[in-house]
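Per-entry structural report
Residue-level listing of the chains:
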Amino acid sequence: MDPVRDPIAVVGLGCVLPDAFDVASFWERARRGVTSIRPLAGETWQWARYLDATGRDADRAVSTLGAQVLGWRFDWRRFRVPPADAAAVNALQWMVLDAGAQALSSVKRVPKETTGLFLGATGLGWQRDTGLRIHLGEAVDAVHASPAFRALPASLQRAVVDGMKRELDLRLKPVSDDNVVGAAASVALGRIAMHFDLHGLHYAVDAGFASALAAVDVGVRALRDRTLDAAVVGGVSEMITPLELVAFSRLGGIAKTHVAPFCASAEGTLLGEGTAIFVLKRLDDALRDGDTVHAVIRGVGGASDGKGKSVMAPRHEGQTLAMSRACDDACVDPSTLSFVECHATGTPVGDVSEVHALANLVSSSSSSSSSLGAKRVWLGSAKAQVGHLRAGAGAVALLRATLAVRERVMPKQIGVERPNPLLELERTPFALPLEEQALTSSSSSSSGAIVAGVSAFGFGGNNFHAVIESAPSARTSVAVPRSAPVAAKDPIAIVGMGGVFPTGATIASFWQSLLSSTDATRTIP
């Protein structure tokens with residue numbers, strides 16, 4: 001078997017998602033077509049304060065709907081975490097640990113020295129909002145600068161300021177080491193490594209909203225080149241905060257009333273929280289170890305949009321390129337796809353661009369006209385169920401697709417009353433599952449496997465796509481060496497350098513400052 005084409009088995013699954021604190025709960029809600037989108041709640045923020053449905057107030061959001069992880073409790077005893085730390089640290093740190101433990105718990109053999117961990121993330125949020133405490137002095141200065149305030153008696157001024165400080169002290173999370181440590185996604189992976197005593201490398205991968213599939217790509221490559229024998233991969237959102245809501249509202253991407261990918265009434269997306277984690281092995285190793293194979297990753301591809309109108313505007317050409325590269329990596333013809341779990345966020349422009357990209361992919365297939373015929377390729381999006389998890393979106397998509405190929409069932413697409421006519425589905429083999437559909441393999445698939453695509457796209461023209469298929473029916477062990485020999489690595493040349501430094505704007509000036517021992521430290525202005 002060619003090592004660069006090794007199929008990769010998904011042998012462990014875990015998640016902490018809105019209304020679904022394990023994989024079984026997530027799948028049960030997916031099959032029932034139940035959404036977790038509702039008015040934001042909880043004690044951390046007074047959400048109504050940040051709402052202006054008219055959109056005229058630039059400091060407020062047009063909607064305070066979303067999908068939160070509420071009611072989940074971290075088992076600090078199980079993970080031997082001091083209860084004070086469990087309460088103080090960013091909850092997403094513990095969600096990643098919990099989901100990682102779920103995923104690893106069913107793996108028959110975890111090679112501690114050669115298990116790596118890669119998490120798609122753009123940060124874990126909180127620090128930007130809870131760090132408002134450090135601006136308290138500026139708020140006090142602004143109050144003092146008001147003529148009306150200065151006209152008050154000195155005793156009343158002190159009472160007002162002291163009262164304001166007390167109220168903010170109660171409402172704002174204190175500045176602590178968690179503002180640094182708890183905000184780092186790599187630290188969450190470190191907690192998994194510590195709990196399971198894993199010694200492989202671990203780090204976070206930031207590819208915007210495509211981060212989770214980028215992390216999967218890193219894990220797949222490490223398994224194929226024999227750097228690792230197991231990989232823990234996945235993605236995680238940031239916590240929903242007022243800052244994120246307001247910022248997305250200013251972008252014009254937040255829906256006011258609902259999120260409905262592919263629907264004619266789609267008006268934007270809504271945010272969600274949580275994480276999904278997977279354990280991967282080379283398929284031969286998984287079969288040898290007796291692991292349960294939930295699905296097989298055949299290939300992953302990525303692409304940038306290149307030159308475009310802006311970093312915000314999706315380009316279907318770049319999306320098609322990522323899909324095509326994934327199919328090439330998988331040695332799979334696009335005509336064999338049974339369904340695609342789309343990035344589809346519920347924004348009309350984004351959904352249309354993605355479907356057109358898929359149509360371009362299928363039309364370019366060498367056997368599209370003969371193989372597809374009247375076959376329907378289903379389209380789905382988990383965002384109608386749990387919202388847009390941003391960096392974690394691809395992980396939820398991969399989880400939904402993995403369960404669909406495993407169970408050979410495509411859940412109904414939530415929220416579609418009438419398909420968006422701009423999708424032009426009638427000109428394509430694609431269709432929306434308005435009711436649950438049984439999945440069947442393509443007539444051109446010799447193995448009888450269910451083949452599916454999974455997409456995740458991000459701002460800046462970052463596109464990733466994965467091709468997965470149902471597990472092989474045979475469960476017999478395959479005799480393979482525990483660690484295949486690694487080919488000699490090509491030396492890598494550094495052929496370009498650039499940088500901006502305190503002592504100069506070029507490499508040459510930086511080098512001269514080093515030679516002259518220039519001290520660049522200054523008082524921050």
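Residues numbered from 1 in each chain as written. Predicted model: local features only at pLDDT ≥ 70, side-chain atom pairs only at ≥ 80, totals over all residues. Heavy atoms only, no water.

Quick word on the overall build of the protein
This is how it is decided: Each helix is a run of H or I in the DSSP string that is no shorter than four residues. Each strand is a run of E no shorter than two, and both are numbered from the N terminus. Exposure classes here rest on a 1.4 Å probe applied to the protein chains alone. A residue is buried below 20% of its type maximum, exposed above 50%, and partly exposed in between. Residue contacts follow a heavy-atom distance rule, with two residues in contact if any of their heavy atoms lie within 4.5 Å. What sets the accessible areas is the Shrake-Rupley method with a 1.4 Å probe; for residues, cover comes only from the shown protein chains. Only four residue types enter the tally: Lys and Arg on the positive side, Asp and Glu on the negative side; His and the chain ends are excluded. The location of each charge is read from NZ of Lys, CZ of Arg, CG of Asp or CD of Glu.
Assigned secondary structure in the protein consists of 18 helices and 15 strands. Projected onto the principal axes, the alpha-carbon positions of the protein cover approximately 85 × 60 × 50 Å. Of all 525 residues assigned to the protein, the portion counted as buried reaches 52%. When contacts within the protein are restricted to residue pairs at least 6 apart in sequence, long-range pairs at least 24 apart make up 79% of them. If you sum the accessible surface of the protein, you get close to 23700 Å²; carbon and sulfur atoms cover 56% of it. Where the 51 positive side-chain charges of the protein centre and where its 51 negative ones centre are 2 Å apart.

Re unusual backbone geometry
The phi torsion at cysteine 331 lies on the positive side, around 55 degrees, for a residue other than glycine. If you trace the backbone, cysteine 331 turns up in the loop between helix H13 (316-330) and strand S9 (337-341). Residue cysteine 331 is classed as exposed on the basis of its relative accessible area, which comes to 55%. Its identity is not glycine, yet arginine 390 carries a phi of approximately 50 degrees, on the positive side. Mapping arginine 390 onto the fold places it in the loop between helix H16 (383-386) and helix H17 (393-407). The buried category is assigned to arginine 390, whose relative accessible area is 2%.

A short note on the environment of valine 362
One can find valine 362 in helix H14 (residues 348-363). C-alpha separation for the pair valine 362 and proline 429, spaced 67 residues apart in sequence, amounts to 8.6 Å.

What to know about the nonpolar core
Note the threshold: We define a nonpolar core as any set of buried Ala, Val, Leu, Ile, Met, Phe, Trp, Tyr and Cys residues linked to one another through side-chain atoms lying within 4.5 Å.
Phe26, Phe278, Leu280, Ile297, Phe339 and Leu399 are the most contacted members of the largest nonpolar core, which has 56 residues in total. Not counting the four nearest positions on each side in its chain, phenylalanine 26 is found in contact with Cys15, Leu17, Ala20, Gln385, Val386, Val396, Leu399, Arg400 and Leu403. Ranked by size, the runner-up nonpolar core spans 41 residues in total, among them Trp94, Leu104, Ala188 and Val296.

Here we look at the pairing of strand S7 (residues 275-282)
The criterion, for reference: Each pair of strands is called paired provided DSSP finds at least two bridges between the two strands.
Within S7, eight of the eight residues are buried, which leaves it mostly tucked inside the rest of the structure. Burial along S7 is two-sided: the face carrying Thr275, Ile277, Val279 and Lys281 and the face carrying Ala276, Phe278, Leu280 and Arg282 are both buried. Pairing analysis gives eight bridges linking strand S1 (residues 8-16) to S7, with the strands arranged antiparallel. Bridge assignment links valine 10 to a residue of S7, and that residue is leucine 280. Two strands pair when backbone bridges link them, and strand S6 (residues 230-236) and S7 are joined in this way by six bridges, in the antiparallel orientation. From the neighbouring strand, alanine 231 faces S7, where its bridge partner is leucine 280.

Some points on the sheet that holds strand S15 (residues 462-469)
Applied cut-off: In this description, a line fitted to the C-alpha atoms serves as the axis of each element, helices being fitted only across the stretch in contact, and the angle between N-to-C directions of two axes falls anywhere from 0 to 180 degrees.
Ordered in space as S5-S4-S6-S7-S1-S8-S15-S14-S9-S10-S12, the eleven strands form an open sheet in which the pairing is mixed. Each having just a single partner strand, strand S5 (202-205) and strand S12 (430-431) make up the two edges of the open sheet. Here S9 runs beside strand S10 (residues 377-380); their pairing, made up of three bridges, is parallel. Across the sheet, residue glutamate 341 finds its bridge partner in S10, namely glycine 380. The strands that helix H3 (residues 91-105) touches are S1, strand S4 (115-120), S6 and S7; relative to S1, the one it contacts most, it runs at about 140 degrees.

As for H14
The criterion, for reference: The span expected for a helix works out to 1.5 Å for each residue beyond the first.
Here H14 contains 16 residues, and its C-alpha end-to-end distance of 22 Å stays within 8% of the 22 Å for a straight helix at 1.5 Å per residue. Among all positions of H14, only Asp351, Val352, Ser353, Glu354, Val355, Ala357, Leu358, Leu361 and Val362 are buried.

Looking at the packing of H3 against helix H9 (residues 185-196)
The line we're drawing: With respect to orientation, any angle under 35 degrees is reported as roughly parallel, any angle over 145 as roughly antiparallel, any angle of 65 to 115 as roughly perpendicular, and every other angle as oblique. Put simply, a crossing is left-handed when the front helix is turned counterclockwise from the back one by less than a right angle, and right-handed when it is turned clockwise. Charged means Asp, Glu, Lys or Arg here, nonpolar means Ala, Val, Leu, Ile, Met, Phe, Trp, Tyr, Cys or Pro, and polar covers whatever is left, Gly included.
At a minimum axis distance of 9 Å, the contact between H3 and H9 shows a crossing angle of 45 degrees. Taken together, the axes of H3 and H9 lie oblique to each other. The element H3 and its partner H9 pack so that their crossing is right-handed. Taking contact as the criterion, the partners of Gln93, Trp94, Val96, Leu97, Gly100, Ala101 and Leu104 in H3 are, on H9, Val187, Ala188, Arg191, Ile192, His195 and Phe196. For the contact of H3 with H9, the per-class residue count stands at nine nonpolar, three polar and one charged.

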